[in-house]
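Residues per chain are reported as follows:
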Amino acid sequence: MLYINNLNVELENEKKKILNGVNLDINAGEVHAIMGPNGSGKSTLSYVLSGKDGYRVTEGSATFEGREILELSPDERASLGLFLAFQYPVEIPGVGNMTFLRTALNSQRKSRGVEELSAAEFLKIVREKAKNLKIDAEMLKRPVNVGFSGGEKKRNEILQMAMLEPKMCILDETDSGLDVDAMKLVAEGVNALRSKDRSFLVITHYQRLLDHIVPDVVHIMADGKIIKSGGADLALEVENNGYSDLLAEYN
Amino acid sequence: MSNTDTYEREGVDQDTVEAVRTVGQKYKYGFSTDIEMEYAPKGVNADIVKLISKKNDEPSWMTDWRLSALKRWEKLVEPNWAMVNYPEIDFQDIHYYAKPKSMEKKPKSLAEVDPKLLETYEKLGIPLKEQIILAGVEVGVDGTQEQRKVAVDAVFDSVSVGTTFKTELKAAGVIFCSISEAIREYPDLVKKYLGSVVPQSDNYYATLNAAVFTDGSFVYVPPGVRCPMELSTYFRINAENTGQFERTLIIADKGSYVSYLEGCTAPQRDTNQLHAAVVELVIEEDAEIKYSTVQNWYPGDENGKGGIYNFVTKRADCRGDRAKVMWTQVETGSAVTWKYPSCILRGNESQGEFYSIAITNNHQQADTGTKMVHLGQNTKSRIVSKGISAGFAQNTYRGLVSMHPKAKKSRNFTQCDSLLIGDKCGAHTIPYIECKNNSSRIEHEATTSKVDDDQLFYCHQRGIGEEEAVALIVNGFCKDVLQALPMEFAMEAQALVAISLEGSVG
Amino acid sequence: MPKTNLTEQKISSYSLPTEASWAIKSRKSALNWLETTGLPNRRDEYWKNTDPSYFNTIKKPERNKIDYVENSIFENIDRINIVFEDGYFNASKSDELLLKGIEIDTISVANQKDNHWSANYFGVLEKSSQVPVERTLASLNTAFAVEGLAIRITDKIDKPISITYLHTNDTSDVLIHHVIKIEKNASVTILESGGVASRSNCLMEVFVCENAEFDHVRVQGRSHEKIAVTHLFANLLKDSSMKSFTLTVNGKSIRNEYVVDINGENSKAHLGGAAVGDRGFSQDDTIFVSHNNPNCESRQVFKKVLRNGAKGVFQGKILVKDGAQKTDGYQISQGLMLDDDSSFLAKPELEIYADDVICSHGSTCGEIDNAALFYLTSRGIPMAEAQDMLVLAFLNDAIEEISDESIRTIIGSRLKDWMVKRHKS
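Below, the structure is looked at part by part.

**Some words on the overall build of chain A**
Here is step 1 of the chain: Broken down by element type, chain A carries 10 helices and 12 strands.
Here is step 2 of the chain: At 18 Å, chain A has a C-alpha radius of gyration in line with the 18 Å of a compact globule built from 251 residues.
Here is step 3 of the chain: Considered along the principal axes of its C-alpha atoms, chain A spans approximately 55 × 40 × 35 Å.
Here is step 4 of the chain: Taking all 251 residues of chain A together, the buried fraction comes to 43%.
Here is step 5 of the chain: The contacts of chain A with a sequence gap of at least 6 include a subset with a gap of at least 24, amounting to 72%.

**Overview of the overall build of chain C**
Here is step 1 of the chain: Scanning chain C from terminus to terminus reveals nine helices and 19 strands.
Here is step 2 of the chain: For chain C, whose C-alpha radius of gyration is 21 Å, the value lies close to the compact-globule estimate of 22 Å for 425 residues.
Here is step 3 of the chain: Expressed along its principal axes, the backbone C-alpha trace of chain C runs to roughly 70 × 55 × 45 Å.
Here is step 4 of the chain: Taking all 425 residues of chain C together, the buried fraction comes to 59%.
Here is step 5 of the chain: Sequence separation of 24 or more characterises 85% of the internal contacts of chain C that already satisfy a separation of 6 or more.

**Notes on the interface of chain B and chain C**
Here is step 1 of the chain: Taken residue by residue, the interface counts 29 residues in chain B and 31 residues in chain C.
Here is step 2 of the chain: Taken together, the elements giving at least two residues each to the side of chain B that touches chain C come down to strand S22 (411–421), strand S23 (426–435) and strand S24 (441–450) of chain B.
Here is step 3 of the chain: By residue class, the composition of the side of chain B that touches chain C is 10 nonpolar, 12 polar and seven charged.
Here is step 4 of the chain: Pairing of S23 of chain B with strand S18 (residues 343–352) of chain C involves six bridges; the strand directions are antiparallel. Residue cysteine 435 of chain B lies in a different strand from S18 of chain C, and its bridge partner there is phenylalanine 344 of chain C.

**A short note on the sheet that holds strand S2 (residues 17–26) of chain A**
Residues and elements named next belong to chain A.
Here is step 1 of the chain: Taking strand neighbours across the sheet as the criterion, the four strands line up as S2-S1-S4-S5 in an open arrangement whose pairing is antiparallel. Looking at strand neighbours, the two that pair on one side only are S2 and strand S5 (67–68), the edges of this open sheet.
Here is step 2 of the chain: Of the strand pairs in this sheet, strand S1 (residues 2–11) and S2 are connected by seven bridges, and their pairing is antiparallel. Residue pairing for S2: leucine 2 is matched across the bridge by isoleucine 26.
Here is step 3 of the chain: Packing against the sheet, helix H1 (residues 42–50) makes contact with S1, S2 and strand S4 (55–64), and its axis sits at approximately 70 degrees to S4.

**Comments concerning the pairing of S18 of chain C**
All names here are of chain C.
Here is step 1 of the chain: Counting buried positions over the 10 residues of S18 gives 10, a clear majority of the element.
Here is step 2 of the chain: Relative to S18, strand S16 (residues 311–320) runs parallel, the two being bridged by 10 bridges. Paired with glycine 312 across the bridge in S18 is phenylalanine 344.

**Here we look at the packing of helix H3 (residues 97–111) of chain A against helix H6 (residues 150–164) of chain A**
Residues and elements named next belong to chain A.
Here is step 1 of the chain: Running from amino to carboxyl end, H3 crosses H6 at an angle of 30 degrees, the nearest separation of the two axes being 10 Å. When the interaxial angle is binned, H3 and H6 end up roughly parallel. By crossing handedness, the relation of H3 to H6 is classed as right-handed. Contact residues: Leu101, Ala104, Leu105 and Gln108 in H3; Gln160, Met163 and Leu164 in H6.

**Details of the environment of glycine 304 of chain B**
All names here are of chain B.
Here is step 1 of the chain: Looking at the element boundaries, glycine 304 is found in the loop between strand S12 (288–296) and strand S13 (307–318).
Here is step 2 of the chain: Given 17 C-beta atoms within 10 Å, glycine 304 falls into the partly exposed group.
Here is step 3 of the chain: Residues glycine 304 and histidine 363, 59 residues apart in the sequence, show an inter-C-alpha distance of 4.9 Å.
Here is step 4 of the chain: Once residues within four sequence positions are removed from consideration, glycine 304 is found in contact with Asn362 and His363.

**Some points on the environment of aspartate 64 of chain B**
Residues and elements named next belong to chain B.
Here is step 1 of the chain: Tracing the backbone through its elements, the reader meets aspartate 64 in helix H3 (residues 60–74).
Here is step 2 of the chain: Accessibility expressed as a C-beta count within 10 Å gives 12 for aspartate 64, which makes it exposed.
Here is step 3 of the chain: Through-space distance from the C-alpha of aspartate 64 to that of alanine 211 is 9.4 Å; in sequence the pair is 147 residues apart.

**Some details on the pairing of strand S19 (residues 371–374) of chain B**
Residue and element names in this part refer to chain B.
Here is step 1 of the chain: Every second residue of S19 is oriented toward a common face, with Lys371 and Val373 on one face and Met372 and His374 on the other, all of them buried.
Here is step 2 of the chain: As defined by bridge partners, strand S16 (residues 342–345) adjoins S19 across three bridges and the pair is classed as parallel. Following the sheet pairing, isoleucine 344 is matched in S19 by valine 373.
Here is step 3 of the chain: Sheet topology note: the S19/strand S21 (residues 394–403) ladder contains four bridges and is parallel. For methionine 372, the partnering residue across the bridge sits in S21 and is valine 401.

Definitions and cut-offs
All chains use their own residue numbering, which begins from 1 and follows the written sequence. To read the labels, note that chains go from A and ligands from 1, taken in the order they are written. Reporting in this predicted model follows two pLDDT cut-offs: at least 70 for local features of residues, and 80 or more for side-chain atom pairs to be given and counted; totals over whole chains, interfaces and linings ignore these cut-offs and use all residues. Strands are runs of DSSP state E lasting at least 2 residues, helices are runs of H or I lasting at least 4, and numbering of each runs from the N terminus. For the radius of gyration, the atoms used are the C-alpha atoms, and the globule rule reads 2.2 Å times the number of residues raised to 0.38. For every residue, the other C-beta atoms within 10 Å of its own C-beta are counted; 20 or more classify it as buried, 12 or fewer as exposed, and values in between as partly exposed. C-beta atoms are placed from the backbone. A residue pair is marked as a contact if its C-beta atoms, positioned from the backbone, fall within 7 Å. Following the grouping adopted for this structure description, the nonpolar residues are Ala, Val, Leu, Ile, Met, Phe, Trp, Tyr, Cys and Pro, the charged ones are Asp, Glu, Lys and Arg, and the polar ones are all others, Gly among them. Pairing between strands is defined by DSSP: at least two bridges between them are needed. A fitted line through C-alpha atoms serves as each axis, taken over the contacting stretch for helices, and the angle formed by two N-to-C directions is quoted from 0 to 180°. Any angle between 65 and 115 degrees counts as roughly perpendicular, while under 35 counts as roughly parallel, over 145 as roughly antiparallel, and the rest as oblique. By definition, turning the near helix anticlockwise from the far helix through less than a right angle yields a left-handed crossing, and turning it clockwise yields a right-handed one.

Encoded structure:
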């Protein structure tokens, strides 16, 4: 589904290399986790894949369902089925949460040649999905993420994911700033979306999220590249021994 | 709030309260020193300007520079746009030159300075501890060995009376002397920079200053040098009917750093005295200047009689890339203040900051603020202004933030808060915002409120009296700015906040 | 050209109408003020950022290209419609003016009558608003405007009164002067729309009596070449409220001045404005809200979207007089610049002489928030649409100041319309 080949990335404004040849293959239906210390390039990878400004790809490629995506605009990538759950969801005063979600959904449907949803249909679906995530009607009416608590913002991200039904979901530190209950709720939301056609890339600093979203493959990232890959038990190894042993091994 | 926070705050506030208690007089710097003075005749004309120039042993280029300023000034009209009211000033009824007789022959060292002068500094007490330093003793506030040294240039009425720590500074390559000395000893530097930031033609008071300035401080920090100590100038107006027109010029050459403190006091007098200073800062590539002022000129009495008219032009020119300047001011004195320390952000990525506390009580009037002129790309500026108005006072923030078309990706943030104590005073905010490119961002916020009743009640309920509670709350209101001050000044400023508001409540 | 000379020439291009003595007195007083003070010029502080010569010149405006001849934007609203065509009242296109709770006369009729109710109101607020800042374009209007309406409201009127200004003559240069009085416990909504004229100077004096309500929505037509200066003078007595919202789309130079005097306790004044424009668009909101009594509230919410060399100016002042305790005053002015050759110039002022008040203002300008733009596009919303969403979101706070939802929708669609055209140009 998503194939990343020797991806090298530096910051656009300063000549600082962030990613140094990342290789990653994610097949349909798989859940991959990337773990790594702060500053290892995890979030940068998620931004580069979703098309954020400010980064320059110096080498390598990323193909999604056979299409080279690095030249595409963020909305084109989204319409292909790529979704990023933000570490820090952006607050947009003045834009209603519902308006936002409906515009996004219909834009994506339009670009795929699918008929747009009517207001009534949309409302029905969104209410149902919101209920599962314990998102109340009042929260849906407020402007996008404005005045939301940390947990509400993350649940809102998962709601968007559920509505937009992407093929590839990237979760960037979705567990940060969440207490155990909120994390469980978010994880349930994610697990409900797992299917043989949908893949996940879960970026996290801690193992605890992976107790709830059990990955097929775990990658350790350091210095802008993947230094080790393994099964779900690799995450436990990190949890018990920290990153230093692995880093020492790599160096 | 954590426990530590509470303790820290209590500690700080206790100092303020203590300061209020210990200071018996309303204006503690209100004594005058009885020293025999030499005056020039009242008034300003070409002869007076020539006399001032001659008294300072100036070369002819300097005399000519002054005369051309005078010529210009004679054609100018006093500005009236500020929100201040005062009777018309008769500029011909002022002495433009006054000098202690004992200074006729320049003292070679502080030991030769008239003891009465040194006594004056002694009497000035807490603020700068200059008298200790002037006396050449290196002790801290509490009598222990102080880590940081402060070099002081003291200006008494019109002339500089002595600069401390000269040798030590010289070893570091830093020039710190009176401007009259600099004109004689370093004419090339003076010629290159004098009037290059605040041109002769800048405004009415600056032009007058260019013609008649008598002395002031001069600092040059050579490339790459971090000035080994804080530099400080202490200004005192003593003589009656005298204008003080000092001129300060500070140059931070490439990659250098200097922190400069300025303190001002004047005796209590029934008549108004004029102070029209000019301060020019030149900041080259990667250099930084911190300029802190505690202005405590005599504010006049409770009925608005007497006090200093403080019409000052201060400007910093960030000429090189990544140049930085920070203005911090605590303005508690003067009957009328007209002052806008400004930053010209010419170099790319240069930065300007302005932190200000302006307190007006009784019949004081202040019209103060800053100008941030963004010319270079990626330039940044920050303005934090706290105005406190009590009694019958009027306090105005006036500022300009300007993003030129070429100043791409620049940023400004302005926070401008006013606090009113009593219903007979006024607080005004007049910002000018000009944005001429879209990649820059300007954010301006301003609020006006009174001392919060709930906070006051909370203090009272805990047994804190009215004045102390107000001092406490006002100090909290000013915290952002007080924190920007060098340590030596922060405590003094805090005490001043409390003293300035005495009698404003109840 | 020296100031007085210009003023003299301007004055000599008009003549005082023959009217009842009270009207002549008001006009002469305004003329006298204009003669002694002179028309504004660039050196005046209050004209620092907008060139007054657009409004000052004696010669007729350049032949305008009338790119939009439109009926009222409020066409589909149930309303009482009054039509002015190139500045002249058109009775045949207007609805019947005899209605319960409403008294309407044209000022040309009212000013002829010796004892018309407007005798005590015509020119009164214009005159009292000349200090501390001279507004001599308003004096010019009071002295010479012969068109306009005197509207007196004595009841709660459900149907809005809609004033439609058709613009068909490409060199029209007009003065219009309205006097509106909303009596105790009465309420009314006044809608204004249309291009007015190639150059217009419109003035409205509004007296809001005790417990009365005045709602005002104005849409200044879409022509790129129009030149307009407007003055809205309002006087609020106790327990009254006013809301005024103005949408400005395009134009060469538009200056909207507001002077609101809050003269009774527990009154509210809300002013809002949304301006969008390009191609040498210059738009200026100059506002003076004076709190003269305790316990009153005022809001100023002004937003400008600028593009392609446009200039947005905001000068807004809140004055809180001695004794006006418990005042709640708020003001926000914001500029959104869609490209690099536009400019936003603001001077938000607070002048406060009472201590127990909550007053604040904010002013920001900059480009579209890139983080928000990325967030929207990352959810699949195309770039252009995402930008439009953010532009509308930016204007939203100002549009929210309109109380009627159907009118809000109309304003929203006019803005969308502008944005669609923007993508094409």
